[in-house]
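Here is how the chains run, residue by residue.
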Amino acid sequence: MITTVIVSFHAKTDQVKALSVFLSDVQKAVLAAGGLSISLLQDQDDPTRFFEVETWPSADHHKEFVAGAAAAGAFAPFDELLAAPFAMNYLDTVKHSAA
């Protein structure tokens, strides 16, 4: 079953642009690792808040990607960029509608 992953990030006030660039640059790696889609969103009311909406073939596929990225040191920049650790939620679609 296709899994939607929401990853939330809270940038340090002086790192908003840097986090936006970093997360944008990561999108190709997500897709190359098997992600089906990825969108980067920024909160309109709090520009330090970012969200990635990713779709993966399964939660396990995403967890394997995260484990590999962490082991390779890909998350090291977050120490400087984030005000708090990022959070992930794994979701199943109950219903989807589009115009």
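Residues numbered from 1 in each chain as written. Predicted model: local features only at pLDDT ≥ 70, side-chain atom pairs only at ≥ 80, totals over all residues. Heavy atoms only, no water.

Draft legend 1. Region of interest: the packing of aromatic side chains. Evaluated as defined, the whole model comprises seven aromatic pairs. Connected via pairs of aromatic rings, a cluster forms that spans Phe 9, Phe 22, Phe 75, Phe 78 and Phe 86. Of note, Lys 63 hangs over the ring of Tyr 90, and the distance from its end group to the ring centre comes to 5.0 Å. (Phe/Tyr/Trp six-rings, centres within 6.5 Å; stacked < 30°, edge-to-face > 60°. Lys NZ or Arg CZ within 6 Å of the ring centre and 35° of its normal.)

Draft legend 2. Region of interest: the nonpolar core. Counting 17 residues, the largest nonpolar core has Phe 9, Leu 19, Leu 23, Phe 50 and Phe 78 as its most contacted members. Only strand S1 (3-11), helix H1 (16-32), strand S3 (49-56), helix H2 (59-71) and helix H3 (78-81) provide two or more residues apiece to this core. A total of five residues in this core trace back to one element, the largest contributor, which is H1. Apart from the residues lying within four places of it in its own chain, the contact partners of Phe 9 are Leu 19, Leu 23, Thr 48, Arg 49, Phe 50, Glu 52, Phe 78, Leu 82 and Phe 86. (Core = buried A, V, L, I, M, F, W, Y, C linked by side-chain atoms within 4.5 Å. Buried < 20%, exposed > 50% of the residue type's maximum accessible area, 1.4 Å probe, protein only. Helix = DSSP H or I, 4+ residues; strand = E, 2+ residues; numbered from the N terminus. Contact = heavy atoms within 4.5 Å.)

Draft legend 3. Representation of the pattern of salt bridges. All told, the structure shown has one salt bridge when counted by the stated rule. Note that Asp 46 is salt-bridged to Arg 49, the shortest N-O span being 3.7 Å. (Salt bridge = Lys/Arg side-chain N within 4 Å of Asp/Glu carboxyl O.)

Draft legend 4. The arrangement of H1 in detail. With 17 residues, H1 should cover 24 Å at 1.5 Å per step; its first-to-last C-alpha distance of 25 Å lies within 8% of that length. At Val 26, H1 is deflected by roughly 30°, the largest bend along its length. Next to the buried residues of H1 lie S1, strand S2 (37-42), S3, H2, H3 and strand S4 (82-91). Immediately beyond the C-terminal end of H1, within one or two residues, lies Gly 34, with a positive phi of roughly 115°. (Expected span 1.5 Å × (residues − 1). Bend = angle between axes of the 7 residues up to and from the residue.)

Draft legend 5. Fine view of H2. For H2, built from 13 residues, the straight-helix expectation of 18 Å at 1.5 Å per residue is met to within 8% by its first-to-last C-alpha distance of 18 Å. Restricting attention to buried positions, one finds in H2 the residues Ala 59, His 62, Phe 65, Val 66 and Ala 69. Buried residues along H2 cover an arc of 125° about the axis, so they all sit on one side. In H2, the exposed residues that point more than 90 degrees away from the buried face are Asp 60, Glu 64 and Ala 71. Considering only its buried residues, H2 is in contact with S1, H1, S3 and S4. Looking at the residues trailing H2, positive phi occurs at Gly 73, about 85°. (Arc of directions from axis to C-beta.)

Draft legend 6. The arrangement of the environment of Asn 89 in detail. With respect to the helices and strands, the residue Asn 89 is situated in strand S4. The sequence separation of Asn 89 and Val 5 amounts to 84 residues, and the corresponding C-alpha distance is 5.6 Å. Among residues more than four places away in sequence, those in contact with Asn 89 are Thr 4, Val 5 and Ile 6.

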